[in-house]
Amino acid sequence: MSGEALLALALGAVLAGGAAALLPAPGERPQRIAVGLTTLGAALGLAAAASVLAYGPSAGLRLGWALPGAELRLQIDALSAWFLVPIFLVSGLGAWYGLDSWRLSEHPASARRLLGFYALATAAMAIVVTARNGILFLAAWEVMTVSAFMLVTTEDERQEVREAGWIYFIAAHASTLLLFGLLGLLWRARGSFDLEPFAAGALSPALASGMFLLALGGFGIKAGLFPVHVWLPPAHANAPSHVSALLSGVLIKMGVYGMVRVTWLFGDPPLWWGALLLALGVVSGVLGVAFALGQHDLKRLLAYHSIENIGIIFIGLGLAVGGRAAGSPALVALGLGGALLHTWNHGLFKTLLFFGAGAVLHRTHTREIDQLGGLAKAMPRTALYFLVGAAAICGLPPLNGFVSELFVYLGLFGSLGAAAPLRWLPAVLAIPALALIGALAVACFVKVCGAVFLGEPRTDHARHARECGPAMVFPMAVLAACCVGIGLFPALVVPALDRATAGWSLAGATVPLAGLAPLAALTWTGAALLAGGGLLALALRAAGLDTRLGTWDCGYVLPTPRMQYTGSSFAQVLVTLWRTVLIPAVTRGTSDQLFPGPSHYATRVPDTVLERALLPGLRGIAWLLAWLRPLQRGSIHAYLFYVFLTLLILLLFK
Amino acid sequence: MNTWRLVEGSLHLLLLLGLPPLLPGVINKTKALMAGRVGPPVLQGYYDLAKLFRKGMVFSRTTTWVFKAGPVVAWVTTVLAGLLVPLMHHAPPAAFAGDMVLLVYLLALGRFFMAAAALDTGSPFEGMGAAREVSYASLAEPALFLGFIAMAKLTGSLSLAGMFSGTLPEGWSGAAAALVLVTASWFIVLLAENSRIPFDDPNTHLELTMIHEVMVLDHSGPALGLIEHGAAMKLFIFGALVLDVLIPVTTGDPWLDWALLLAGVLLLAVLIGLVESSMARLRLNNIPKLLVAACLLALFGVILLMV
């Protein structure tokens, strides 16, 4: 069966699942039918992607459409297939997760809506990555955006959810506006909305750069690139957890896809495009993780890590664009290979982490990191999988995050030898930045794992937690296995990755990644780590007299769980170090009397861009525009006078 | 030739596992002599390890498997990292493109688990130590990588074995200033990563200002032995890196090279002892400044190579 036919069947199954959720049947049955159909659709979609990644691009599908300039034109090439994999994997697993975390019987009003728009968003994303006509792309993009808005606002009875939804809605439409501009320039350049590569030299540099910058703005907002990330933290924090996973694992990757696809259009990009992408990636990566360190809300913290990882992806993409500008296939293979593999990897471990955070939220009803603690005893499997995801997102070997980061590192080190300053200077910037990002991520995830899962429970919320059901734990197990699998056996995914990057590098000269990166060494390292660690653990178990006592309390008699180091205190050193950008807000009580009463101390790291630049700026604009308000008089005579005045001016300056 | 590789590899592993406990002994002896004391025997590190491995372990009721995994992961990652570092002119047992990245990230994996193990005890002291360990490491890692940039630019190699191979002497004659800066930067990183003065004082226990020692407060018996041995290995690894840059010459005779390495490492330990005898620990808020200075030193080294 052809790739398009499989994809059509997959979309049919997913959408039928969404429709099935609206059936008026009582009990859990509509949701079960929906999940079954979504699973079927996801399996079919993965089969479509796998067939393309194994046997080459599909033939393509072209159908007429009544809209001028529009065509129903789809094709699954290796690049599309690469992005189809996380779309179907994450939405399939998320549907299972929702079976337990967002039950129809517990949320009778919102669950149907959620299931319907979940299916719609999945289908729209699949069309976004396969559309080859600009209008079709934009239509699917808009359906995806609006469905995601409906998903984010699932709990719209809460004020903060509505606010998060509005910020997302406005940001997403600013993004769409820029994409309209991009399509306008596409029409001007080509006379059609076909998304096909331009012939070399067919475009003026100004037009090409204009299209590139509009795409960067539009897709950058969607991807959550700093400083246009403002919608991302509140939306991810306030959506239901499997929706957060879908947003972070897949939806923001549509911005990455857009950037990869648009740069694919141009055969000979100038070097500065690559340098700009890379610089933005560095800013996004470093500041994303710095802001994550200051967060107290578990899901908001994970959202900032999405910004960080998008930064890493953009560093790789910038490297690839620079590599193509400089005619270096090795840089393209490592840069784009790293970026694309990190897209998968982030989809895997971030989904895993959001599922884990959702499980914690489900059982403890709080997202406050400092209210939790000791959950590893009550929720051992969730804790184990979360720890795997945490180590993976820090880029630690032998997990998948290390593989993609190593590709990017190798590309950066490889570009050091170049002569042009615009080629080696970004690497000097990006290598220490990547090291900084990695080390800060370790600090942040030690904080999260330690404060949430280790130590003693800090509140009753945490004390009464218990493990979640299999529908929520099983998807986490699958994702953790994927993280370990890619980390241990990168050679298994690299052939597919080579196909995806080969389609992007137009010149045809491609270098297989296996010749550039030490894939076998990664497998050996992983095996040595697991074997050495396992043997040593067994030896220790055989040797040690396992005596259980209390934690050494330095002689203090009555330690309580409240004396534990909290997540906030853990991050305090680094937050202080980064105070110039983070600008933490501290509120504290005074204790100036001889016998001071109870006091309080609270810190918060607000989003600097949103709360200190964007909102005051928008308020300023609103204030300025308020001066125009007297024009709106509400009387027909005044409006007729305006019409007359306009007419007069037009006649005068004809 | 293959037999020789095998001999060299075994010797590498032997040195990596056997030599490190000597280094803290040498450092402490130097400090004692500087202070006019007799001090503990040079071999005290081995005696301590022998004793620790004979003992049983005590675990806190608060802890989970993460606490037990901490020392194990930290030790295994340090051994694997040690297998990637060239010892003077002897190629390491494992070398491939990007092994310097793996080296740093393996150590980061060990740090991740040690810090998580510290938080697993629920003790505020250990939380403090863990927080400081991961915070200061975030500034030490960029300095290390800036040094790698300089070495990669100088030698055009993407692996540690290539960076510290035969072309380095020409590097010293052409770009000595840059290499001096990298050496200085890495020496500061060595002191920071191994919790030596001026970053941390390994002699005082139970102080609010401690970093590494307070992080491992609850470990006991063989687990503590693994931590102590791993920490000594880490010192050896960083010492080997500094020596790799500093002493680019080869005598031609491999056995003489091994002897030179031994002498170099011991001299480095004496140098650390002298540093520790001559200065006090920095205030905690000044530690980041020194680490940023290490980054800047290496960055200036890179800039010198670029112009």
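Residues numbered from 1 in each chain as written. Chains lettered and ligands numbered in written order. Predicted model: local features only at pLDDT ≥ 70, side-chain atom pairs only at ≥ 80, totals over all residues. Heavy atoms only, no water.

(A) Highlighting the overall build of chain B. Secondary structure summary: chain B contains twelve helices and one strand in total. Secondary structure of chain B in N-to-C order comes out as α-α-α-β-α-α-α-α-α-α-α-α-α. Along the longest, intermediate and shortest principal axes, the C-alpha atoms of chain B span 55 × 45 × 45 Å. Across chain B, the fraction of contacts at a sequence separation of at least 24, relative to all contacts at a separation of at least 6, is 80%. As displayed, chain B offers around 10700 Å² of accessible surface, 70% of which is attributable to carbon and sulfur atoms. Computed over 17 positive and 19 negative side-chain charges, the separation of the two mean positions in chain B equals 7 Å. (Helix = DSSP H or I, 4+ residues; strand = E, 2+ residues; numbered from the N terminus. Contact = heavy atoms within 4.5 Å. Areas by Shrake-Rupley, 256 points an atom, 1.4 Å probe, with all protein chains shown as cover. Lys, Arg positive; Asp, Glu negative; His and termini not counted. Charge placed at Lys NZ, Arg CZ, Asp CG, Glu CD.)

(B) Layout of the overall build of chain A. A tally of regular secondary structure across chain A gives 25 helices and five strands. Expected size for 654 residues packed as a compact globule is a radius of gyration near 26 Å; at 26 Å, chain A falls within 12% of this value. The principal-axis extent of the C-alpha atoms belonging to chain A is close to 90 × 70 × 65 Å. Taking all 654 residues of chain A together, 58% fall into the buried category. Pairs at least 24 apart in sequence give 80% of the contacts found in chain A among residues at least 6 apart. Of the roughly 25100 Å² that chain A leaves accessible, carbon and sulfur atoms contribute 70%. Measuring between centres, the 40 positive side-chain charges of chain A sit 3 Å from its 29 negative side-chain charges. (Rg over C-alpha atoms; globule rule 2.2 N^0.38 Å. Buried < 20%, exposed > 50% of the residue type's maximum accessible area, 1.4 Å probe, protein only.)

(C) Local environment of the domain arrangement of chain A. Under the domain assignment, chain A is made up of domain 1 (286-531 + 566-586) and domain 2 (608-652). The centre of domain 1 of chain A, based on its C-alpha atoms, is set 46 Å off from the matching centre of domain 2 of chain A. (Domains from an automatic or database assignment.)

(D) Looking closely at the environment of B:T64. Inspection of the secondary structure assignment puts B:T64 in the loop between β1 (57-60) and α4 (65-82). B:T64 sits in the buried class, given a relative accessible area of 13%. Expressed as a C-alpha distance, the spacing of B:T64 and B:T121, which sit 57 residues apart in the sequence, is 8.6 Å. In contact with B:T64, not counting residues within four places along its chain, are A:A376, A:K377, A:L454 and B:D120. Only 2.8 Å separates the side chain of B:T64 from the side chain of B:D120, close enough to count as a polar contact. (Polar contact = N/O pair within 3.5 Å; in protein donor to acceptor, adjacent residues only side chain to side chain.)

(E) Main features of the pairing of strand β2 (residues 71-74) of chain A. Residue and element names in this part refer to chain A. Of the strand pairs in this sheet, strand β1 (residues 61-64) and β2 are connected by four bridges, and their pairing is antiparallel. Paired with L61 across the two strands is L74, which belongs to β2. The hairpin formed by β1 and β2 contains six residues between the paired strands, and G69 there has a positive phi angle of roughly 80°. (Pairing = 2+ DSSP bridges.)

(F) Seen up close, the interface of chain B and chain A. The interface is formed by 68 residues belonging to chain B together with 69 residues belonging to chain A. The contact between chain B and chain A buries some 5800 Å² in all, and 77% of this surface belongs to carbon and sulfur atoms. Its largest share of buried area at the contact with chain A, chain B owes to B:Y105, B:F112 and B:L119, together 13% of the area lost on that side. Across the chain B-chain A interface, the total number found is zero salt bridges. (Buried area = accessible area lost by both parts, 1.4 Å probe. Salt bridge = Lys/Arg side-chain N within 4 Å of Asp/Glu carboxyl O.)

(G) How the structure looks around the packing of aromatic side chains. Residue and element names in this part refer to chain A. Scanning the entire structure with this criterion turns up 31 aromatic pairs over all chains. Centre to centre, the rings of F137 and F219 are 6.1 Å apart; their planes meet at 85°, and the pair counts as edge-to-face. Here the residue F137 occupies a position in helix α5 (residues 134-152), and F219 occupies one in helix α7 (residues 205-223), the gap between them amounting to 82 residues. The two residues F137 and F219 agree in class, both being buried. It is R261 that lies over the ring of W264; its NZ or CZ is 4.5 Å from the centre. (Phe/Tyr/Trp six-rings, centres within 6.5 Å; stacked < 30°, edge-to-face > 60°. Lys NZ or Arg CZ within 6 Å of the ring centre and 35° of its normal.)

(H) Molecular detail of the nonpolar core. In this structure, A:F413, B:F112 and B:F148 are the most contacted members of the largest nonpolar core, which totals 331 residues. Counting residues per element, this core draws most heavily on helix α17 (residues 421-453) of chain A, which supplies 22 residues. Excluding anything up to four places from it in sequence, A:F413 contacts A:I431, B:M100, B:V101, B:F145, B:F148, B:I149, B:A152 and B:L158. (Core = buried A, V, L, I, M, F, W, Y, C linked by side-chain atoms within 4.5 Å.)

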